[in-house]
2 protein chains.
Amino acid sequence: MCATCGCGEPAEATGHRHDTATITLEQKVLAKNDRLAETNRAWLAARGLAAVNLMSSPGAGKTTLLVRTVRDLGAEFPISVVEGDQATDLDSDRVSATGCRVIQINTGSGCHLDAAMLADALSTLDPPAPGLVLVENVGNLVCPALFDLGERERVVIASVTEGADKPLKYPQMFHSASLVVLNKIDLLPYLDFDTDSFLRSVKLISHHAEVLLLSATTGEGLPEWYAWLRERLPDAA
Amino acid sequence: MCATCGCGEPAEATGHRHDTATITLEQKVLAKNDRLAETNRAWLAARGLAAVNLMSSPGAGKTTLLVRTVRDLGAEFPISVVEGDQATDLDSDRVSATGCRVIQINTGSGCHLDAAMLADALSTLDPPAPGLVLVENVGNLVCPALFDLGERERVVIASVTEGADKPLKYPQMFHSASLVVLNKIDLLPYLDFDTDSFLRSVKLISHHAEVLLLSATTGEGLPEWYAWLRERLPDAA
């Protein structure tokens, strides 16, 4: 990856200028993260937990979806939450109001969560099992795609206000996800958003990703999202 | 800065684990960029050009605002455009349809433009002077804030669909801007967006930033944006 942007791309492909020492360091950073992610995955599996990594642009509605999900499913099985933001406890305060177990990670200038941060958070959070750990990454459609946290699934949440071209313009993120959620569909009547074009763009980038259309505000489409989450519960549940 | 995320923060503050060699490399990357940015600034000033760095989340409306600006002001003074995206020529195609001079930079996995990329682009673009160079950065509210390109002004564009808490959650970006544009105000009737709270959040993060409210779609507020741009024209114009 390129140390200038932490991007995970072979340095030659980014147009940045690197020396050999830089490239070696970049490879080491990602390799170290991948090892820690595998440790997290084993730790979670051994306890009957599955982590879901929620990624999106700032303001796509991750926290609103998360709060509603915890309220609607929290009595059915344990859900714990890890909140990632550059600054503030605003999101963990919103989640905490549901009574759910939550921990906030502030990354400072950091642009994504990494496996070491999740390991520290899990150790403090001590999530009840069997159950799910929902991880809200830093709002960013670029950098989080490259850092495995040890999650079982990656979900990218796009909103209809962002435009239909985002899968093509941020291909790593959409390619890395097993589920694409298209949120804020209640706003479609007021926008010039081409849903078919969005769905075609997702298919061009990813042959494997499922797509769900929903509105975390009105509740439309939430039953399908909840069914998808239930299927991710470890077998022990 | 932290090489894991390219974030510019003292490594201790990010919670990442670094050795001395990593921290030294991180400092070198940012210092080298700053030197190139100063070279760009001098190059632009000597030619009667001023660059404006447009930054936002994905889908906040940078390209729509840019295309409308070029259409409305392009006959008044020369405007050239540098488009930054991870992938595709979609944005430069939209800008090119206006007849304006434009160049596309694809950053691959890179999460921001840097001064070396802008230097290469300017050399190819050969912008007509005296005039403005509008630079559309990669859609990302984190990483672009830390990389000086040699611009005269930094503008962050937020949209009302993203929520009013973004200045607090992405403080580096909002603190680095001299102008905050709040876009998509035509959607306010359909959203639970607290404009006063947004304006208070901007003031908490930045004592110096101006704020303009507009809709690039309906045209409301554009005269004030155009007046702001005219004031950025080099004196030679």
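Draft legend 1. Representation of the overall build of chain A in the model. Tallying secondary structure elements over chain A gives nine helices and seven strands in all. Looking at chain A as a whole, 61% of its 237 residues are labelled buried. Counting only contacts in chain A whose residues sit at least 6 apart along the sequence, the fraction spanning at least 24 positions is 69%. Surface accessibility of chain A: about 8,700 Å² in total, with carbon and sulfur atoms responsible for 51%.

Draft legend 2. Quick look at the confidence of the model for chain A. All names here are of chain A. With 89% of its residues at a pLDDT of at least 70, chain A reaches an overall mean of 91. Within the model, pLDDT remains below 50 along residues 1–18, and this stretch shows 64 contacts once partners closer than five positions in the same chain are excluded. Both confidence scores are given for the complex: pTM 0.91, ipTM 0.89.

Draft legend 3. Quick peek at helix α9 (residues 222–232) of chain B. Residue and element names in this part refer to chain B. Buried within α9 are the following residues: Leu 222, Trp 225, Tyr 226, Trp 228, Leu 229 and Arg 232. Along α9, the residues classed as buried sweep out an arc of 155° about the axis, all on the same side. Those residues of α9 that are exposed and angled more than 90 degrees off the buried face are Pro 223 and Glu 231. For α9, the elements touching its buried residues are β1 (49–56), α3 (62–73), β4 (131–136), β5 (153–159), β6 (179–183) and β7 (210–213).

Draft legend 4. Region of interest: the nonpolar core. Within the largest apolar cluster, 48 residues are counted, with the highest numbers of intra-cluster contacts made by Phe 174 and Phe 198 of chain A together with Phe 174 and Phe 198 of chain B. If you list the elements that add at least two residues to this core, you get β5 (153–159), α7 (171–176), β6 (179–183) and α8 (195–205) of chain A together with β5, α7 (171–176), β6 and α8 (195–205) of chain B. Dropping the residues within four chain positions of it, Phe 198 of chain A is found in contact with Ala 158, Ala 164, Pro 167, Phe 174, Val 180, Leu 182 and Phe 193 of chain A.

Draft legend 5. Looking closely at empty space enclosed by the protein. Using the criterion set out here, one finds one cavity of 30 Å³ or more in the structure. A volume near 50 Å³ is recorded for the largest cavity. Around the largest cavity, the lining comprises 15 residues; the ones closest to its centre are Pro 58, Thr 161 and Glu 162 of chain A together with Thr 161 and Glu 162 of chain B. Looking at the lining of the largest cavity residue by residue, the classes come out as four nonpolar, eight polar and three charged.

Draft legend 6. Broad picture of the pairing of β6 of chain A. All names here are of chain A. Buried residues dominate β6, accounting for five of its five residues. Across the two faces of β6 the burial is the same, with Leu 179, Val 181 and Asn 183 and Val 180 and Leu 182 all buried. Where β5 lies against β6, five bridges are found, and the strand directions are parallel. Following the sheet pairing, Ile 157 is matched in β6 by Val 181. Bridge count between β6 and strand β7 (residues 210–213): four bridges; the pairing is parallel. Of the residues in β7, the one forming a bridge with Leu 179 is Glu 210. This β-α-β element, β6 to α8 to β7, shows right-handed connectivity.

Draft legend 7. A look at the side chain of Asp 165 of chain A. One can find Asp 165 of chain A in the loop between β5 and α6 (166–169). The buried category is assigned to Asp 165 of chain A, whose relative accessible area is 18%. When near neighbours in sequence (up to four residues on either side) are disregarded, Asp 165 of chain A contacts Leu 90 and Asp 91 of chain B.

Draft legend 8. Structural detail: the sheet that holds β5 of chain A. All names here are of chain A. Read across the sheet, seven strands follow the order β3-β2-β4-β1-β5-β6-β7 without closing on themselves; strand pairing throughout is parallel. Since the sheet does not close on itself, it has two edges, and those belong to β3 (101–106) and β7, each with one partner. This sheet shows a mean twist of 20° between the axes of neighbouring strands, independent of strand direction. As defined by bridge partners, strand β1 (residues 49–56) adjoins β5 across five bridges and the pair is classed as parallel. Each bridged residue has a counterpart across the sheet, and for Met 55 the counterpart in β5 is Val 156. Those strands touched by helix α3 (residues 62–73) are β1, β2 (79–85), β4 (131–136) and β5, and its axis lies near 170° from that of β2.

Calculation notes
In every chain, residue numbers begin from 1 and rise along the written sequence. For this description, chains carry letters from A and ligands carry numbers from 1, given in the order in which they are written. A pLDDT threshold of at least 70 governs which residues receive local features in this predicted model, and a stricter bar of 80 or more applies before side-chain atom pairs are shown or counted, although totals over entire chains, interfaces and linings include all residues. Side-chain figures throughout are based on the complete set of non-hydrogen atoms in the structure, without hydrogens or water. Helix numbering and strand numbering both begin at the N terminus, where a helix is a DSSP run of H or I of at least 4 residues and a strand a DSSP run of E of at least 2. The buried label goes to any residue with under 20% of its type's maximum accessible area, the exposed label to any with over 50%, and the partly exposed label to all in between, with areas taken from a 1.4 Å probe on protein chains only. Here, residues are in contact when the closest pair of their heavy atoms is within 4.5 Å. Values of accessible area rely on a 1.4 Å probe in the Shrake-Rupley scheme; residue burial ignores everything except the protein chains shown. Each residue carries a pLDDT score, the predictor's confidence in it, ranging from 0 to 100. This arc describes the spread of directions from the helix axis toward the C-beta atoms. Only buried residues count toward a nonpolar core. Its members are Ala, Val, Leu, Ile, Met, Phe, Trp, Tyr and Cys residues joined through side-chain atoms within 4.5 Å. Cavity and pocket criteria rest on a 1 Å grid covering protein atoms alone: a 1.4 Å probe that fits but cannot get out defines a cavity, protein on both sides within 12 Å along at least 5 of 7 lines defines an open pocket, and an atom within 4 Å of a point defines a lining residue. Grid points are joined across faces, edges and corners, and a volume is the space filled by probe spheres set on the points. Note on residue classes: Ala, Val, Leu, Ile, Met, Phe, Trp, Tyr, Cys and Pro are nonpolar, Asp, Glu, Lys and Arg are charged, and everything else, Gly too, is polar. Only when DSSP finds a minimum of two bridges between them are two strands counted as paired. A crossover gets the label right-handed when its path from the first strand over the helix to the second runs clockwise, viewed with the strands pointing away from the viewer. Every axis corresponds to a line fitted to the C-alpha atoms, with the helix fit spanning only the stretch in contact, and the corresponding angles, defined between N-to-C directions, vary from 0 to 180 degrees.

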